[in-house]
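Residue strings, one per chain:
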Amino acid sequence: MGSNFFINDNQDVLIEILKRLDGRSLGVCACVCKLWCGITRNDSLWEHLCFRHVSPPPEGVRTVVVALGGYRRLYMVCVRPVLNRLRKWRPIGMETDAEIVRRVYWTRHEVELSLSLFCVDYYERVLLGGGGGAAGGGGRHGGGGDTGCTSSLMFLCKAVNV
Amino acid sequence: MKRDRDREKGSSSKGKNWASVEEEEQPDAGMDELLAVLGYKVKSSDMAEVAQKLEQLEMAMGTSMEDGISHLSTDTVHKNPSDLSGWVQSMLSELNSTSISSNFGMSSSENQLIVSGDGGGGSCSSIIDFSRGNEEKKTTTAISDDDLRAIPGGAVFSSGRNRNEVDEESNKRQRSSFCSSGGSNSSSGGNSLTDSARPVVLVDSQETGVRLVHTLMACAEAVQQENFNLADALVRHIGVLAVSQSGAMRKVATYFAEALARRIYKIHPQDSIESSYNDVLQMHFYETCPYLKFAHFTANQAILEAFTNCNKVHVVDFSLKQGMQWPALMQALALRPGGPPAFRLTGIGPPQPDNTDTLQQVGWKLAQLADTIGVEFEFRGFVANSLADLDASMLDIRPSETEAVAVNSVFELHRLLARQGAIEKVLDSIRQMNPKIVTLVEQEANHNAGVFIDRFNEALHYYSTMFDSLESSSSSHNGITQSPVTNQDLLMSEIYLGRQICNVVAYEGSDRVERHESLGQWRARLSSAGFDPVHLGSNAFKQASMLLALFAGGDGYRVDENDGCLMLGWHTRPLIATSAWQIAAEDDGAGEVELH
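Overview of the structure. Counting restarts for each chain: residues are numbered from 1 in the order of the written sequence. The lettering of chains begins at A and the numbering of ligands begins at 1, in the order of writing. Only residues with pLDDT of 70 or above have their local features reported here, since the model is predicted, and side-chain atom pairs are shown and tallied only from 80 upward, although totals for entire chains, interfaces and linings are computed over all residues. Based on all heavy atoms of the structure, the side-chain values leave hydrogens and waters out of the count.

1. Details of the pairing of strand 9 (residues 573-583) of chain B
All names here are of chain B.
Argument step 1. Across the 11 residues of strand 9, nine count as buried, placing the element largely inside the fold.
Argument step 2. Strand pairing is defined by DSSP finding a minimum of two bridges between the two strands. For helices the rule is a DSSP run of H or I covering at least 4 residues; for strands it is a run of E covering at least 2, with both sets numbered from the N terminus onward. As defined by bridge partners, strand 5 (residues 437-443) adjoins strand 9 across six bridges and the pair is classed as antiparallel. Paired with Val 441 across the bridge in strand 9 is Thr 578.
Argument step 3. With five bridges connecting them, strand 8 (residues 565-570) and strand 9 associate as antiparallel partners. Paired with Leu 568 across the bridge in strand 9 is Ile 576. Here the term buried applies to any residue with accessible area under 20% of the maximum for its type, exposed to any over 50%, and partly exposed to those in between, with areas from a 1.4 Å probe on protein chains only.

Right, here's the structure in full:
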């Protein structure tokens, strides 16, 4: 028998593993224990998730995104809904989910659109006082108040009639 | 107008009612199969004739609607539902022997074809409504509230052209509502019934809606002819009819009826349209539907592309409001290759009644945002009652070698058409600013015709489509309850549109500021003022399409490219148009700048 290997003792390995997960799994991981919760809240994980399939990521994005609320929020508020909606929008072929993710996910246009929407979200949330949507839209994302979306992005939170 | 989902369900439940009654009967050879599903036996060859008779019958029935016809719906029994032809014939012969009067001659024992729609909510009696094609156009004489013979034939299917138009529109509505109701389980029987009946006549529960439209148009015509007594009677009738509708149609009818009433009674509330209130309304409109977002994103894309390789940029915004357009542009500038330029924004807005400086507040917030994302920012606000009060020299335009200028107008230029000479002055000022690009977003409709009735009809169609799109983009079809915010948003958006409706219909002269004009008209105007069109490129198109795909109910929205301009519409009807312009080249050389 080898020596016991506790993943919690080897956080760098843990992080490497988490880097390869999709958003939903990351969310699940955040519920495992306090340590994992703390690690998954690390924004660089979410940055990796957002831009994993885009190379190279546009320069200067990090400063902007961090200033506007961080990658985790970007993912929850913009990237995930955009991904979900657009996946339904384009014809779904015989690809596996992973392939769809890669194909649909991140072209330059989706990046730009997501970032623009994210900026609008920041403007409304922080500067215009939230527009009343923070409470209403927060529930769906389950991350608590800080990931509720503003009124102007409520359209991303609503169920799509497909 | 469209038949909305509720009425589709109404017709489906009607189908179920009759089908359950008559389910033992099989469709016979020669009988129209689809009507047989509903329990009627009509020979296919007889269809046209039956339909015509139904028309005549309904007109006769309809004239005394206010006279307590409701007892007929409860007391009467339809004796032989399947023999539609015979029954109609008997009704007509009964009717033709007595003159049409407001005391409706038919007793309660007569057979009636009144089917109520879904029991809950508003009654949705499917009274079939058609023209009295055989009657002469009546001029109006003594009018009482009950005497609705006076609906002039001219407004109500006077000519074949009108009928076909309305039929086609109704059919388009049916088609479009059929497409958009993909998720709902409306009965296909009901829909295919109307499909097969399309070349002939409408034979389903949309008729109250058609009747409502007719009454609206009749009322507008009465107003046009300055027959205010008649118009008054009709406006009240609209109120009665509107209540029986549901969804978008009721709202549209209510707003138009109110606007007509204002016009008739000349009630013009001292309309200090509180700009802050209007801003709030527009914010909600921004949130519920994609029109404003589309406008902002497409305009921003054009501006962004015009500003490539410029180190100092200046944007003049003709209606700053809350400045919702600019965060996205600033973010795009921040992330453009080569880094952001120095960004200067001049915002123009109306004076506030309480003297608060909203422009400065918005500017301050935008400055904070710019600071957050690392863009050099400068803001200047101008308060002006009208754009024509400004000219280029006030705006501190710096020489174009150092600074590139963009002028942005979203739903603002049409207001200038209310005053003589204002638009020319403003276009001239724009020229003096020497902008690199001018972005113009306007409603795609002609609400500025000289003739009232034309304006009214155009507005009716336009706002019906708008309300339709609002309705379907905010209703949820999978049972997820809407948060209160959403309903409030929807309501505020409707009020926002309702104010526009009121302005188009009820006001005149310099008060009527919602003078929308179509893209073609704006093109002519700008071309003659010395501007050349700039094609919005494929980037703008893609971004707009993606944005729309994100919206619930996104199936209904359409982005179309029209000779370099982008139009956003609901199904087949374009509703707003974005176009971009530059100063016309003086010499023969430059030609158009093609944005890609």
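2. What to know about the packing of helix 8 (residues 108-127) of chain A against helix 19 (residues 538-549) of chain B
Each packed pair of helices is defined by two parameters, the angle between the axes and the distance between the axes.
Argument step 1. Look at helix 8 of chain A against helix 19 of chain B: their axes get within 10 Å of each other, and the N-to-C directions meet at 65 degrees. Here the hand of the crossing between helix 8 of chain A and helix 19 of chain B comes out right-handed. Contacts between helix 8 of chain A and helix 19 of chain B involve A:Arg108, A:His109, A:Glu110, A:Glu112, A:Leu113 and A:Leu117 on the former and, on the latter, B:Asn539, B:Lys542, B:Gln543, B:Met546 and B:Leu547.
Argument step 2. Note that Gly is not counted as nonpolar here; it falls among the polar residues with everything else outside the nonpolar set of Ala, Val, Leu, Ile, Met, Phe, Trp, Tyr, Cys and Pro and the charged set of Asp, Glu, Lys and Arg. Of the residues assigned to the contact of helix 8 of chain A with helix 19 of chain B, the class counts are four nonpolar, three polar and four charged. Each axis is a line fitted through C-alpha atoms, and for a helix only the stretch in contact is used; angles between axes span 0 to 180 degrees, taken between their N-to-C directions. Left-handed is the label given to a crossing in which the near helix is rotated counterclockwise from the far helix by less than a right angle, and right-handed is the label when the rotation is clockwise. The criterion used for residue contact is that any of the two residues' heavy atoms lie within 4.5 Å.

3. Some words on the side chain of B:Asn300
Argument step 1. Secondary-structure assignment places B:Asn300 in helix 12 (residues 291-306).
Argument step 2. Once you skip the residues sitting within four places of it in the chain, B:Asn300 turns out to touch B:Gln325, B:Trp326, B:Ala328 and B:Leu329.

4. A closer look at the state of the cysteines
Argument step 1. Our working definition of a disulfide is a cysteine sulfur pair at a distance within 2.5 Å. Under the definition given, this model contains zero disulfides over all chains.
Argument step 2. Left unpaired, A:Cys33 is separated from the closest cysteine sulfur, that of A:Cys37, by 8.5 Å.

5. What to know about a nonpolar patch on the surface
Residues and elements named next belong to chain A.
Argument step 1. On the surface, Phe 5, Val 13 and Ile 17 cluster together into a nonpolar patch covering about 280 Å² of accessible area.
Argument step 2. Looking at the secondary structure, you find Ile 17 in helix 1 (residues 11-18).
Argument step 3. For Ile 17, a relative accessible area of 45% corresponds to the partly exposed category. Surface patches are drawn from residues lacking salt bridges whose relative accessible area is over 30%; two like charges belong together within 9 Å, two nonpolar side chains (Val, Leu, Ile, Met, Phe, Trp, Tyr) within 5 Å. Note on areas: Shrake-Rupley, 1.4 Å probe, and residue coverage restricted to the protein chains presented here. Each salt bridge in this description consists of a side-chain nitrogen of Lys or Arg and a carboxyl oxygen of Asp or Glu lying within 4 Å of one another.

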